[in-house]
Amino acid sequence: MGDLGVLPDHLAPHTAAVDALGELIIGGMRVSELVRQYGSPLFIYDENHLRTRMREATEGFGGGRVIYASKAFPSVAMARLISEEGLWWDAASQGELEAGLRGGVQPKRVILHGNNKSFDELRMAIDAKVGRIVVDSFDEIDRLDYLGGSASVWLRITPGIEAHTHAYVRTGQQDSKFGFNLANGDAHRAIARVKASSHLMLSGLHCHIGSQVFALGSFRDAIDVMVTLAKDEGVEELCIGGGFGVGYLRDERVPTIGEWTSWLREAFVAHGMRDQQTFIEPGRAIVAAAAVTVYTVGVIKEIPGVRTYVAVDGGMSDNPRPVLYGSGYEAFTSSRLFDPHDMTVALVGKHCESGDVLVREARLPTDLQVGELVMTPVTGAYGYAMGSNYNKLPRPAVVLVGHGQARLIARRETIDDLFRLEVDG
Ligand SMILES: Cc1ncc(COP(=O)(O)O)c(C=O)c1O
Ligand SMILES: N[C@@H](CCCC[NH3+])C(=O)O
């Protein structure tokens, strides 16, 4: 990576480069050229970045298995990369399961999650012979008994670890809708039930303490608790979930996925676990920084002495994270990254809500013009995946770039697409 001007290296996709005029190039493609061809707003994913993260994760984790948590970006194109790089695929619904299978992930490398799996989802997983079903509740055991097919299962345990992250994405504490509670004995009761089953094979235990977690200590605590339980119960495999935090802001420097995975491996090894027994499920740490979202500025409204609003052609429908969790992002002009970005503005979307703010205090050039391209980096995880059609906005297109070429992996929605579900009354 050369000089990226005002764009910090740690927020840029791997192949990012800036030409002499200050324009951003990703995967050998000029961002303005991509927008000219595919329209705005546009998600641009860097293929090299994705593959590098997958390799760092698998190398750091030794011979343990890395399962990509597909909820972060569950596309067929992503599933192809996952299967080519030898990772596994975590699906939390029939749709995510279908995406993995359509992308060529071998069924034995698919894990099915969900705190309320339907009969159809369970039936599909059994018929497809997925690698593991992660059983989450007693009602689910009843459903599996009713269906009767044979399956290799893990039990999802809530180990009672309070991860330090946003309450909405904390999942390992006692008070959780997920999994079997360890402290009140449910975990042991579930283990006994599955062990006694003639058609379910208990191959492992699972826990996931939360998302965007930075404290290695929380993962170490989870490993301590779960290894003890697995050894007491004579269970072979252990998955410690995902949730490894990433940096979204200029000053936010965080461990790489290679560091995360090698630390976790060390923690497992310290407990005498063999690589083949161990699994992790990162989503965000693989995809987040691989993508940027590019928007076009439509309105610049200055309220002297109050604030300047810069409105773009997307917003909470392509990135609901700021509204949902108060998440922070940065913004940059993608065509003049050598210019100082010293005007503080609110970067807002085009939705009919005052809360539709993408970046509360974005720094952009003082002479920013209507029609310029502004991009927000680190939007590869839980952006497109959690997008909506609010205000009947069509979803943006998604391109995958590399080696001077772009591949459209999700076309832009059309106005007609927006009415495909409506029944004309
Ligand atoms: C069961 C499970 N595994 C893995 C993940 C991946 O999380 P992240 O994208 O934060 O790595 C999640 C989401 O938090 C999850 O619910
Ligand atoms: N959607 C959350 C992460 C949820 C993780 C899924 N268990 C986010 O955007 O940060």
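- As annotated in an unreviewed UniProt entry, the protein carries the name Diaminopimelate decarboxylase and is attributed to Ferrimicrobium acidiphilum DSM 19497.
- We quote the UniProt Cofactor (unreviewed entry) comment for the protein here in full: "pyridoxal 5'-phosphate".
- Database annotation for the protein, UniProt heading Function (unreviewed entry): "Specifically catalyzes the decarboxylation of meso-diaminopimelate (meso-DAP) to L-lysine."

**Observations concerning the overall build of the protein**
- Summing up its helical and strand segments, the protein has eleven helices and 21 strands in all.
- Taking 425 residues into account, the globule formula puts the C-alpha radius of gyration at 22 Å, and the protein, at 22 Å, falls close to it.
- For the protein, the spread of C-alpha atoms along the three principal axes comes to 70 × 60 × 45 Å.
- With 425 residues in all, the protein has 56% of them scored as buried.
- Counted over contacts in the protein with a minimum sequence separation of 6, partners at least 24 positions apart contribute 67%.
- Surface accessibility of the protein: about 17500 Å² in total, with carbon and sulfur atoms responsible for 49%.
- Measuring between centres, the 42 positive side-chain charges of the protein sit 3 Å from its 53 negative side-chain charges.

**Side note on the confidence of the model for the protein**
- On average, the protein scores 95 in pLDDT, and the residues at 70 or more come to 99%.
- Prediction confidence for the complex, expressed as pTM and ipTM, is 0.97 and 0.99 respectively.

**Re the sheet that holds strand β1 (residues 17-18)**
- The antiparallel open sheet is built from three strands, whose spatial order is β1-β2-β3. What marks the edges here is a single partner per strand, and that holds for β1 and β3 (29-30).
- Sheet topology note: the strand β2 (residues 24-26)/β3 ladder contains two bridges and is antiparallel. Bridging from a neighbouring strand, I26 pairs with M29 of β3.

**Re the UniProt feature "binding site: pyridoxal 5'-phosphate" (unreviewed entry) in the protein**
- Mapped onto this numbering, the UniProt entry annotates "binding site: pyridoxal 5'-phosphate" (unreviewed entry) at G243, E281, P282, G283, R284 and Y382.
- As for its placement among the helices and strands, G283 is situated in the loop between β13 (278-280) and α10 (284-287).
- Judged by its relative accessible area of 5%, G283 is buried.
- Those residues within four positions of G283 in sequence are excluded, and the remaining contacts are Y68, A69 and A72.
- Inspection of the secondary structure puts Y382 in the loop between β19 (373-377) and β20 (397-402).

**Some words on helix α2 (residues 47-60)**
- Over its 14 residues, α2 runs 20 Å from end to end, which matches the ideal 20 Å to within 8%, given 1.5 Å per residue.
- Restricting attention to buried positions, one finds in α2 the residues H49, L50, R51, R53, M54, A57 and G60.
- Elements that come into contact with the buried residues of α2 comprise β4 (42-46), β5 (65-69), α3 (76-84), α9 (257-270), α10 and β20.
- The backbone nitrogen of N48 has a side-chain oxygen 3.1 Å away, supplied by the residue at the start of α2, namely D46.
- Positive phi shows up at G62, right after α2, with a value of about 65°.

**A few points about the site of ligand 1**
- Taken together, 15 residues lie near ligand 1, and H208, S211, E281, R284 and Y382 sit nearest.
- Contact distances for ligand 1 include 2.8 Å between an oxygen atom and a backbone N or O atom of G243.
- At 2.8 Å from an oxygen atom of ligand 1 is found a main-chain nitrogen or oxygen belonging to R284.
- Out of a free accessible area of 400 Å², ligand 1 has 92% covered by protein chains.

So, how was this worked out
Residues numbered from 1 in each chain as written. Chains lettered and ligands numbered in written order. Predicted model: local features only at pLDDT ≥ 70, side-chain atom pairs only at ≥ 80, totals over all residues. Heavy atoms only, no water. UniProt positions renumbered as here; feature names shortened; annotations may be inferred. Helix = DSSP H or I, 4+ residues; strand = E, 2+ residues; numbered from the N terminus. Rg over C-alpha atoms; globule rule 2.2 N^0.38 Å. Buried < 20%, exposed > 50% of the residue type's maximum accessible area, 1.4 Å probe, protein only. Contact = heavy atoms within 4.5 Å. Areas by Shrake-Rupley, 256 points an atom, 1.4 Å probe, with all protein chains shown as cover. Lys, Arg positive; Asp, Glu negative; His and termini not counted. Charge placed at Lys NZ, Arg CZ, Asp CG, Glu CD. pLDDT = per-residue confidence, 0-100. Pairing = 2+ DSSP bridges. Expected span 1.5 Å × (residues − 1). Polar contact = N/O pair within 3.5 Å; in protein donor to acceptor, adjacent residues only side chain to side chain. Near = heavy atom within 4 Å.

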